[in-house]
Amino acid sequence: MDSRSAAHLLHEIVALLELQGEDPAVPAPFADAARSLAADEARPLAELLKRDKRRFAPEVVEVLEQFRDDGDADLLDRLRESTPEGLFEMMRVPGLGPSRIRRIHEGLGLDTLQELEEAARDGRLAELPRFGARTAEQVLRGIAWLKESGAQILLPHGRAEAERVLAALRRQPGVVRAEIAGAVRRHCETVRDVEIVAACGRDPEAVAATFARSPGVRDSVGSGTREVSIRFDDGVRLQLHCVTPEQFVVTWFRATGSESHVQEVAARAALRGLTLGAHDLRDASGRPVELADEPALYAACGLPWMTPELREGLGELAAAANGTLPGLISLSDIRGVLHCHSQYSDGGATIAELAAAARARGWSYLGVSDHSQSAFYAGGLTAESLVRQHEEIDAINASFTDFRVLKGVEADILPCGRIDYPVEVLDRFDYVIASVHSRLGMNEKQMTDRVLKALADPHMSVLGHPTGRLLLTREPYAINMDAILARAGELGVAVELNADPHRLDLDWRLAKLAGAYDTKIEIGPDAHSVDGLDNMALGIGMARKAWLTAADVINTRSADEFVEFATRRRREQTAAMVAKVS
Ligand SMILES: [Zn+2]
Ligand SMILES: [Zn+2]
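A quick note: this is a predicted structure, and the numbers were derived from the prediction, not measured. (Residues numbered from 1 in each chain as written. Chains lettered and ligands numbered in written order. Predicted model: local features only at pLDDT ≥ 70, side-chain atom pairs only at ≥ 80, totals over all residues. Heavy atoms only, no water.)

1. Thoughts on the overall build of the protein chain
Along the protein chain, the regular secondary structure elements total 25 helices and 17 strands. Taken over the C-alpha trace, the protein chain has a radius of gyration of 27 Å; the compact-globule value for 582 residues is 25 Å, and the two agree within 12%. Taking the principal axes of the C-alpha coordinates as reference, the protein chain spans close to 85 × 70 × 55 Å. Per-residue burial over the protein chain gives 52% buried out of 582 residues. For the protein chain, the accessible surface area stands at approximately 25,700 Å², while carbon and sulfur atoms represent 51% of it. The positive charge centre, built from 68 side chains, and the negative charge centre, built from 88, are 2 Å apart in the protein chain. (Helix = DSSP H or I, 4+ residues; strand = E, 2+ residues; numbered from the N terminus. Rg over C-alpha atoms; globule rule 2.2 N^0.38 Å. Buried < 20%, exposed > 50% of the residue type's maximum accessible area, 1.4 Å probe, protein only. Areas by Shrake-Rupley, 256 points an atom, 1.4 Å probe, with all protein chains shown as cover. Lys, Arg positive; Asp, Glu negative; His and termini not counted. Charge placed at Lys NZ, Arg CZ, Asp CG, Glu CD.)

Take a look at the structure:
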C-alpha cells in the first residue's frame, strides 16, 4: 500500500471514531497523520515506516504497520463492522459531519440515507434539538446533490490513480498494450470510474483475474470474464477491459466515450454499411475490418480522428464533417499567466520565485494578483503594503530583459457591487481581476446585479472564478451567467476559466457559450505556490473541451497587448472626462 491510500483509510478511521462519539483526543493523532500523509508525495508505506516512523503516534504506527503487512487494520475492521452502512453514506451529504450524524442516529434511530430523507421531509429531523427547518431543507438538498454526483473524484486524483494502475498493468506478463480511457482520457473535470483497456497477447480472462487479486483491491465484480469492476481500498473504482490485440482499438474507443459520441460514430459507420460492435468493426459481409489505430477507425467511418476532449456528442461530428471544427488552443499558445498569489497575501512563494518559475515554463510574463484589503481571511493587502509590493516588482523587472512581472490584483467584488479599493489605488494596477468571495448565498437577481455593477467599473479587466463553485463540495452560486457573459463581451471584460482543479470555473460548457458572445476568456492558474502554475495544463484541457482557440484566450497575447486590453476602458473614461472639462 502507498502512503496516499493509507491517508484515505486513516481519514475513514477518524470519521468512524467521531461517529461513535469517541472523545476528540482519540481520533486526533489519526487525523494529524492523515493530513500530513495526504500533503506528501505518495510513496510505499514500507519505506515511510523505515524512515519516518517517529512522525506518528504509537497507535497510528500500529495501524500503518498493519496496512503495510495486510492492507487492512484491526481497528478499521472493527469500526466498519460496528457502523451501519447507511451512516457512511450520510457522511457524504454536504453539511453533515460525524457529530450531527450521531445525533440523528441516536435521536431518531435512523440507519439509512432513505430514512434520513423521509425524516427530513416529514418534519421529524427539523424537530431534533439544534436542527430546525432550515437544516432539514439543507439536508434534503444535500441528498439530492449526492444522488446526482455519486462517488466522484477530481480529475487530477482520477488521473493519478489511472496512471498508477496503468503502470502496474503494463508490468503484467501478457499485456501488449494498455491505455487510459473514459472520463480521464476525455479530460472531464470529475471522474466516477477510472477506465483502462488492455490488449493481452494471450488469455485476457487470466490477466483480468490476476489484476482483480492485486494488493489494495477491496472487492471486484466480474471475475472470470474480460471485464472486471474493481474497488480499491481508498474507494476508487476501476473498470478494466482486457481484450485481444485485434479488439483493442474498438474497445478503447468505446470505453473512452462519451456514450453519445460513440453512438453518433456508430450511426456514421452504419451509413457506410459497417457495424460497430462491442469490440470490432465489421463490414457488410460480417468480416472484421482490420484497424491499426483509432484514426483508422474514424477514417473507416469517413471522419477525421477526434481528440478525446471533444468527444461529448455536442455537435463535433457535424462540425468535423463540414470543416468548421476550430483549431483548438494548446498549452504552448499561452504566453503568460495572470492569476497568482504571492507571500504578500495567502501564497507560499515570493514574487521572484514565481517569476523565475514562469520564465522557466517558457512564458514571458507573470501577473501577481494578491487579495485586496477586504479579504482579511486571505491576508488581503492594505494600500500601504501595495506600495512596497510595487517597488519590489519594479526592482525584479529591472533584472529582466525578456520577462515582465505585471502589477495585478484579485480584488473582492463587495456585496454592493463595488470593487474593493478606491479609484486612486485601482489606477495603479496594470490590470484588475475582480471576484466574489463573500455573501455567496444571495439570490440570482441580487448576485447577477452585484456582478453586473462591478463589470460596469472601467477598472475591471477580468471576472475571476465567475460562479464560485468548488467541485464536489460547493455548488455554483445563483447567477445568470448568460447575462454576465453577454455584458462582459459588450464591455470588453475577460471572464476567467480558473484552472484550480477544485474550481475549473467557468465550467467548460459555459465557456463554450462565451464564444457566441465574443467574450474573451482568461485562463488563470490561481497559483498559491510555484507548483500551482502547473494548473494551467488542466485549464487548457477545459478550454479544449469548450472548443476555444488561441484567439479566444486573452493570455495568449503579449504582455503589452494584454495590458492594452486591460486598461482600455479606464483610459477611455479619463479621455472622456478630460474632453468634457476642456
Ligand atoms: Zn478568488
Ligand atoms: Zn485567487
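2. Here we look at the sheet that holds strand β14 (residues 433–435)
Pairing in this open sheet of five strands is parallel, and the strands run β13-β14-β15-β16-β17 from one edge to the other. Of all the strands in the sheet, the pair left with one neighbour each is β13 (410–412) and β17 (521–524). Direction of pairing for β14 relative to strand β15 (residues 462–463): parallel, over a ladder of two bridges. In the strand pairing of β15, Ile 433 is matched with Val 462. (Pairing = 2+ DSSP bridges.)

3. Let's talk about the packing of aromatic side chains
Within this structure, the stated rule accounts for six aromatic pairs. Taken together, Tyr 431, Phe 562 and Phe 565 form an aromatic cluster joined through their ring pairs. When the ring centre of Phe 131 is taken as reference, the NZ or CZ atom of Arg 100 above it lies at 5.7 Å. The ring centre of Trp 508 lies 5.0 Å from the NZ or CZ of Lys 545, which sits over that ring. (Phe/Tyr/Trp six-rings, centres within 6.5 Å; stacked < 30°, edge-to-face > 60°. Lys NZ or Arg CZ within 6 Å of the ring centre and 35° of its normal.)

4. What about the coordination of the zinc ion (ligand 1)?
Within the first shell, the zinc ion (ligand 1) binds the protein through Glu 410 (OE), His 437 (NE2) and His 465 (NE2), at distances of 2.1 to 2.2 Å. Read in sequence order, the donor residues coordinating the zinc ion (ligand 1) give the pattern E-x26-H-x27-H. For the pair the zinc ion (ligand 1) and the zinc ion (ligand 2), the metal-to-metal distance amounts to 3.4 Å, and Glu 410 bridges them. Remark: His 465 occurs in the loop between β15 and α22 (481–491) and Glu 410 occurs in strand β13; sequence separation between them is 55 residues. No difference in accessibility class separates Glu 410 from His 465, as the two residues are buried. (Donors = N, O, S within 2.8 Å, 3.2 Å for Na, K, Ca; no water.)

5. Quick look at the side chain of Thr 256
Mapped onto the elements, Thr 256 comes out in helix α14 (residues 248–256). Judged by its relative accessible area of 0%, Thr 256 falls in the buried class. Not counting residues up to four positions away in its chain, the partners in contact with Thr 256 are Ala 181, Gly 182, Arg 185, Arg 186, Pro 308 and Arg 311. (Contact = heavy atoms within 4.5 Å.)

6. Notes on the packing of helix α1 (residues 3–19) against helix α2 (residues 28–39)
Two measures define how a pair of helices packs: the angle their axes make with one another and the distance between the axes. Their axes nearest at 8 Å, the elements α1 and α2 cross at an angle of 150°. Regarding the angle of α1 to α2, the classification is roughly antiparallel. The handedness of the crossing between α1 and α2 is left-handed. Every residue of α2 that contacts α1 at Ser 3, Arg 4, Ala 6, Ala 7, Leu 10, His 11, Ile 13, Val 14 and Leu 17 is listed here: Phe 30, Ala 31, Ala 33, Ala 34, Leu 37 and Ala 38. Across the contact of α1 with α2, the residue classes break down as twelve nonpolar, two polar and one charged. (Axes fitted to C-alpha atoms, helices over the stretch in contact; angles between N-to-C directions. Parallel < 35°, antiparallel > 145°, perpendicular 65-115°, else oblique. Left-handed = near helix turned anticlockwise from the far one by under 90°. Nonpolar A, V, L, I, M, F, W, Y, C, P; charged D, E, K, R; others polar.)

7. A few points about the sheet that holds strand β6 (residues 227–232)
Pairing is mixed across the open sheet formed by five strands, whose spatial order is β2-β4-β7-β6-β5. At either margin of the open sheet sits one strand with a lone partner, and together these are β2 (175–181) and β5 (217–221). The sheet shows a mean angle of 25° between the axes of neighbouring strands, direction not considered. Taken together, the four bridges between β5 and β6 define a ladder with antiparallel strand orientation. What sits directly across from Asp 219, in β6, is Arg 231. Each of β2, β4 (194–200), β5, β6 and β7 (237–243) touches helix α13 (residues 204–212); the most contacted strand, β7, lies at about 160° to it.

8. Focus on the coordination of the zinc ion (ligand 2)
Ideal geometry at a metal centre: 109.5 degrees between donors when four sit tetrahedrally, and 90 or 180 degrees when six sit octahedrally. At 2.1 to 2.3 Å from the zinc ion (ligand 2) lie its protein donor atoms, namely His 339 (NE2), His 341 (NE2), Glu 410 (OE) and Asp 526 (OD). Around the zinc ion (ligand 2) sit four donor atoms, and with donor-metal-donor angles ranging over 82 to 167° the site reads as irregular. Sequence positions of the donors to the zinc ion (ligand 2) reduce to the motif H-x1-H-x68-E-x115-D. Note on Asp 526: relative accessible area 6%, which makes it buried. (Tetrahedral: all angles 85-135°; square planar, octahedral: opposite > 155°, others 65-115°.)

9. Section: the pairing of strand β16 (residues 494–498)
Counting buried positions along β16 gives five out of five residues, so the element sits mostly inside the fold. Burial of the side chains of β16 extends over both faces: Ala 494, Glu 496 and Asn 498 are buried on one face and Val 495 and Leu 497 on the other. Looking at chain direction, β15 and β16 are connected through two bridges and run parallel. For Val 462, the partnering residue across the bridge sits in β16 and is Ala 494. Handedness of the crossover is the feature at issue here: the chain leaves β15, passes through α22, returns alongside β16, and the resulting connection is right-handed. Relative to β17, β16 is paired through four bridges, and the arrangement is parallel. Paired with Asn 498 across the two strands is Gly 524, which belongs to β17. Each parallel crossover has a hand, and the one from β16 via helix α23 (residues 508–514) to β17 is right-handed. (Right-handed = clockwise from strand over helix to strand, strands pointing away.)

10. A few points about a negative patch on the surface
On the surface, a cluster of negative charge is made up of Glu 59, Glu 62, Asp 70, Asp 74, Asp 77 and Glu 81. Put simply, the parts of the chain that give the negative patch at least two residues each are α4 (58–70) and α5 (74–81). Along the chain, Glu 62 turns up in helix α4. (Patch = residues over 30% accessible without salt bridge, like charges linked within 9 Å, V, L, I, M, F, W, Y side chains within 5 Å. Salt bridge = Lys/Arg side-chain N within 4 Å of Asp/Glu carboxyl O.)

By themselves, these figures tell us nothing about what the structure is for.
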